[in-house]
Amino acid sequence: MSASSSNGLVLPFSISRLQHDVEVGRSSTKVDADNDDYGQVSSPPGPFDIEHTKNASIETLKRWRQAALVLNASRRFRYTLDLRKEEDKEQRRRMIRAHAQVIRAAVLFRLAGERQIGVGPNATPPTAIGDYGIVLEQLASMTRDHDFSALQQYGGAKGLSNMLKTNIERGISGDETDILKRRNTFGSNTYPQKKGRSFLRFLWEAWQDLTLIILIVAAAASLALGMKTEGIKEGWYDGGSIAFAVLLVIFVTAVSDYRQSLQFQNLNEEKRNIQLEIMRGGRMVKVSIHDIVVGDIVPLNIGDQVPADGILVSGHSLAIDESSMTGESETVHKDQKAPFLMSGCKVADGVGIMLVTGVGINTEWGLLMASISEDTGEETPLQVRLNGVATFIGIVGLAVALSVLVILLVRYFTGNTEDADGHVQFIKGSTSISHVVDDIIKIVTIAVTIVVVAVPEGLPLAVTLTLAYSMRKMMADKALVRRLSACETMGSATTICSDKTGTLTKNEMTVVEAYAGRKKLDPLNDSSQLHEVVTSLLYDGVAQNTQGNVFVPKGGGDVEISGSPTEKAILLWAVKLGMKFDVSRSESTVLHVVPFNSQKKRGGVAIKRNNSEVYIHWKGAAELVLASCTRYVDLNGQFQPIEEEKDFFKQAIDDMAARSLRCVAIACRQHDLDGIPADEESLDKWVLPEDDLVLLAIVGIKDPCRPWVKDAVKVCVEAGVKVRMVTGDNIQTAKAIALECGILGPSDNASEPNVIEGCVFRALSEKDREQVAKLITVMGRSSPSDKLLLVQALRKGGDVVAVTGDGTNDAPALHEADIGLAMGIQGTEVAKESADIIILDDNFASVVKVVRWGRSVYANIQKFIQFQLTVNVAALVINVVSSVSSGDVPLNAVQLLWVNLIMDTLGALALATEPPTDHLMHRSPVGRREPLITNIMWRNLIIQAFYQVCVLLVLNFSGKSILKLNDGTTHRATMVKNSVIFNAFVLCQIFNEFNARKPDQINVFSGVTGNHLFMAIVGTTLVLQIIIIEFLGKFTTTVKLDWKQWLVCVGIGFISWPLAMVGKLIPVPATPLATYFVKPFRRWRRA
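Residues numbered from 1 in each chain as written. Predicted model: local features only at pLDDT ≥ 70, side-chain atom pairs only at ≥ 80, totals over all residues. Heavy atoms only, no water.

Turning our attention to the UniProt feature "transmembrane region" (unreviewed entry) in the protein chain. Annotation from UniProt places "transmembrane region" (unreviewed entry) at residues 202-224, 236-255, 389-413, 440-469, 936-955, 975-992, 1013-1033 and 1045-1078. Taken end to end, residues 389-413 is 100% helix and 0% strand, and its first and last C-alpha atoms sit 36 Å apart. Measuring from the first to the last C-alpha atom of residues 936-955 gives 29 Å, for a span that is 100% helix and 0% strand. (UniProt positions renumbered as here; feature names shortened; annotations may be inferred. Helix = DSSP H or I, 4+ residues; strand = E, 2+ residues; numbered from the N terminus.)

For the rest of this paragraph, the subject is the packing of aromatic side chains. According to the stated counting rule, one finds 16 aromatic pairs in the structure shown. Look at Tyr469 and Trp853: their rings are 6.1 Å apart centre to centre, the planes differ by 70°, and that puts the pair in the edge-to-face class. Within this pair, whereas Tyr469 is found in helix α16 (residues 458-476), its partner Trp853 is found in helix α31 (residues 844-886), the two being separated by 384 residues in sequence. For the pair Tyr469 and Trp853, a shared accessibility class is recorded, and that class is buried. Ring geometry for Tyr632 versus Phe649: centroids 5.7 Å apart, planes at 70°, classification edge-to-face. Residue Tyr632 is located in strand β17 (residues 629-633), and its partner Phe649 is located in helix α22 (residues 646-658); the two are separated by 17 residues in the primary sequence. Relative accessible area serves as the criterion here: at 8%, Tyr632 is assigned to the buried category. Site record: aromatic cluster; members linked through ring pairs are Phe991, Phe994, Phe1005, Phe1014, Phe1054 and Trp1057. We note Arg518 situated over the ring of Phe648; from NZ or CZ to the ring centre the distance is 4.3 Å. Lying over the aromatic face of Phe1014, Arg997 brings its terminal NZ or CZ to 5.6 Å of the ring centre. (Phe/Tyr/Trp six-rings, centres within 6.5 Å; stacked < 30°, edge-to-face > 60°. Buried < 20%, exposed > 50% of the residue type's maximum accessible area, 1.4 Å probe, protein only. Lys NZ or Arg CZ within 6 Å of the ring centre and 35° of its normal.)

Take Asn545: it is sitting in the loop between α18 (532-544) and β12 (549-551). The buried category is assigned to Asn545, whose relative accessible area is 8%. A polar atom in the side chain of Asn545 sits 3.1 Å from the backbone oxygen of Gly603. Excluding its chain neighbours within four sequence positions, the residues that come into contact with Asn545 are Asp540, Glu567, Gly603, Gly604, Val605, His617, Trp618 and Lys619. (Polar contact = N/O pair within 3.5 Å; in protein donor to acceptor, adjacent residues only side chain to side chain. Contact = heavy atoms within 4.5 Å.)

Here the focus is unusual backbone geometry. A cis geometry characterises the amide bond from Asp522 onward to Pro523, with omega recorded as 5°. Looking at the secondary structure, you find Pro523 in the loop between β11 (519-520) and α18. Notably, His146 is not glycine yet its phi reads approximately 50°, a positive angle. Along the chain, the position of His146 falls in the loop between α5 (136-144) and α6 (148-153). Judged by its relative accessible area of 32%, His146 is partly exposed. If you check the backbone angles, Lys165 has positive phi at about 55° while not being a glycine. Counting through the fold element by element, Lys165 comes out in the loop between α7 (156-163) and α8 (176-186).

Ordered by their spatial adjacency, eight strands build an open sheet running β8-β26-β25-β24-β9-β21-β23-β22, and the pairing between neighbours is mixed. Since the sheet does not close on itself, it has two edges, and those belong to β8 (479-481) and β22 (755-757), each with one partner. Taken pair by pair, the neighbouring strands of this sheet meet at an average axis angle of 20°, ignoring direction. Of the pairings in the sheet, the one linking strand β21 (residues 722-726) to strand β23 (residues 778-780) comprises two bridges and is parallel in character. By the bridge assignment for β23, Val726 is matched with Met779. Relative to the sheet, helix α28 (residues 784-796) contacts β9 (495-498), β21, β23 and β24 (801-805), its axis offset from that of β24 by approximately 170°. (Pairing = 2+ DSSP bridges. Axes fitted to C-alpha atoms, helices over the stretch in contact; angles between N-to-C directions.)

There is a patch of nonpolar side chains on the surface, built from Val1023, Leu1024, Ile1027, Phe1031 and Leu1032 and spanning about 430 Å² of accessible area. Inspection of the secondary structure assignment puts Val1023 in helix α35 (residues 1012-1031). For Val1023, a relative accessible area of 48% gives the class partly exposed. (Patch = residues over 30% accessible without salt bridge, like charges linked within 9 Å, V, L, I, M, F, W, Y side chains within 5 Å. Areas by Shrake-Rupley, 256 points an atom, 1.4 Å probe, with all protein chains shown as cover. Salt bridge = Lys/Arg side-chain N within 4 Å of Asp/Glu carboxyl O.)

Right, let's talk about the pairing of strand β1 (residues 275-280) for a bit. Relative to strand β2 (residues 283-288), β1 runs antiparallel, the two being bridged by six bridges. Counted as the bridge partner of Leu276 is Val287 from β2. The hairpin formed by β1 and β2 contains two residues between the paired strands, and Gly281 there has a positive phi angle of roughly 65°.

Here you go:
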């Protein structure tokens, strides 16, 4: 239940009070200009006039809900953010910090019988004894209390690792027996999940609808009166049939909602299953976060999530963001004096290696996760807008129902209402009270049922249904959705700012060219061309200035290399040259590390060789490192001034970049031993010198384009989505890859501002950036802050921006963009948490598939709206006209409930699960302020509703003569006529469901057989309708129809097909129809 939920009617009294609020949506100049073209008057937006809901405040969420007409709040807002739960989560977080030990004991006690702490449901609970030198409680106590003195008693990290039988250099052995023993002794890195809501809970929530409750009460009263007046055998039909219809609606609604809930649970599981690399048996292995055990050695890099509680073994400039646990925003520096690491925190800076000391429920993070349930709810823009549509239709429906109620009651008590045999139903003084009460209950039931049909609770829920379906299908297309709203917003994307490496390219890097000593190495892997001074320094720089690792199997076999793709390529090249990784590392000691920085485009390390010589090694962007070099090593091992040779090296870099190679330079410099900071604290803050470097080598790394990326870019261009490449690589490399991918055409202008460097863009004024941003196709040598500036400039210009990112520094741009897309393979945990969608295979083609699904979500909702509004309009008009003219309605309560079921749940299920088609990618993106109901939809809706109303009203007033029913009794003729009207009405909806599939295409049957769910729902509805008419007449107050009458009904429904085809030939105006209605209203509001 959401904080705003209540069982009852929430009227939109706050609408008039809502003033302009920037949180409701940004307005751009572009939009205002468009509005002026339509002759609109600028005015404060209404509560449902929103552009995006990303990062909306709690206050805004509350206002959206207060402004909605809701008959069943617990159902309407089920999949939106639970506001009360968010506050509870923060309170629990604070409480766990204060009372972790007590809470853990309580959780352990509660779970003792369930045996949930372990590998699985049947796992053995952690024991306090075993083969290790320390027991679970000692470890948990030390880590929880950050007890440094206890750690020293155990002998520090080295002594503790010995107690846990862990080799600090090589990790645990990693065999199944060892891992199982550790799990049984210290627990597994899982925590008991709060169980999702049961099916009975969904039944209860579906029951909360105010109108359904009134109908049940009316059914109970009708049942009692019917049995009293007509006896049990015949008197239970009226009340019983309404009760059964209501229960059927509740059951089908609950089943639909329960299925969606299970889909969201599965997606949450996928989000929690983080993959990371750890050291086991001397090699780096990729495991799930749930497979980590106490004793594991885990390398930590910028952007990683700390996967368990532990202590720091070694690290350089390691800073941890502990705000997820402590609430403090400042980062905490970790070193040998403050070595304790908490699970769930993020690495903000530096590198480190940790020894795992606590997992799962034995960590504060585990306690927190076990005590709260993850709430994926959020308001999506479509949900908010559809709440507005539902509210408007609901108010109209309420007005209509109230009018019908008043008219029927007035007609009844004035003696103008006749029964099926033509007798007056109410005669003052002679009609018994029980008959009067029974008749009034029937009238109230009809009015309430009209409200059920008129208030489309299913509209906002149809969004959730189509999103749940799309999210499941997108997983198969390698896209994991973290925020629901991103699904639909992606359909409006006008530009995609894409990374190059790994997204447009394969991320399979190989060194294909190298320069050393002013000479191009040929063959590439022949170290005999190099002097031993060069190879010695080069091996040191490559082996120590890396976060990668080289594992050589003892029994021979291929060398295993881990690390980033760039590091793997350079390490492999050095190994082929003859580098012995372990030997090179053992010949020197690391003093200080500066991890690769995307701002400076380089990373460095200070090492002390065994002969006490100190060297500082740098590796990074070739032209930037080259600019810091004053010398190079020639083929004789001599250090030579570089000034005269700089042009040679620059030309070499440009030549490689023009062939789309990534250029990396490796350089070093000697440093005075006395100039090294003596104490650990000063060493940690030491800024490594970056000048006066000696160039050792420049390598060209090939990363080929992905095979289908050119086609994917072409699809985007045809769909009106501009693809921009934003890369940290050399501008020449970026340009070459852009031409290869089709982002730049052969005839395109490849100069500024079309192709621009990050530093040039950064230097522009804010106004100029906004102008230039629209023209940019390729940005090279960009930093994460440049990417953020580009996103901001594009959004100010009215673009809906999707941006890809993988690094921690990309987080602000991912957060700022309308849709943030993080890379699943190369992306850091910080980037993934800031993103809306995770691209699991890092492939640009998957990004384009997300655009297709986004457009499909929007299109499917529009199909459902068109279908539902047609039913709404037709049902309301028929009942109102009939009640005013004859005092009776042709569609009774049970029949309307069946129509409501077809319309709400089954209709949503059929139309909301239409798969995306190529046709969606041949039209422009949907604008942020484009009306939800387009002119094409209005045209289709009016044609179908007008046709249904006309035909059914003709049948209602002249049906007896048209159908030649004058032979039998009046009662029988009326029953047959009403049965034909009901049957024809339902068949019209079944036929119209096909029309709704393709609102703007004449052929509504293309691809219909491929959508098995649609065919199954339509088939089931038809079969059930036949059963209702032929066998359940007593429940629905219908009679059996002969084959001629069936033919008439089918014919009436069938005509809607050719009618729809002809209707689609009618042109529609470009100006949205809603504009003409909204303009006077806005003028009034402004006044």
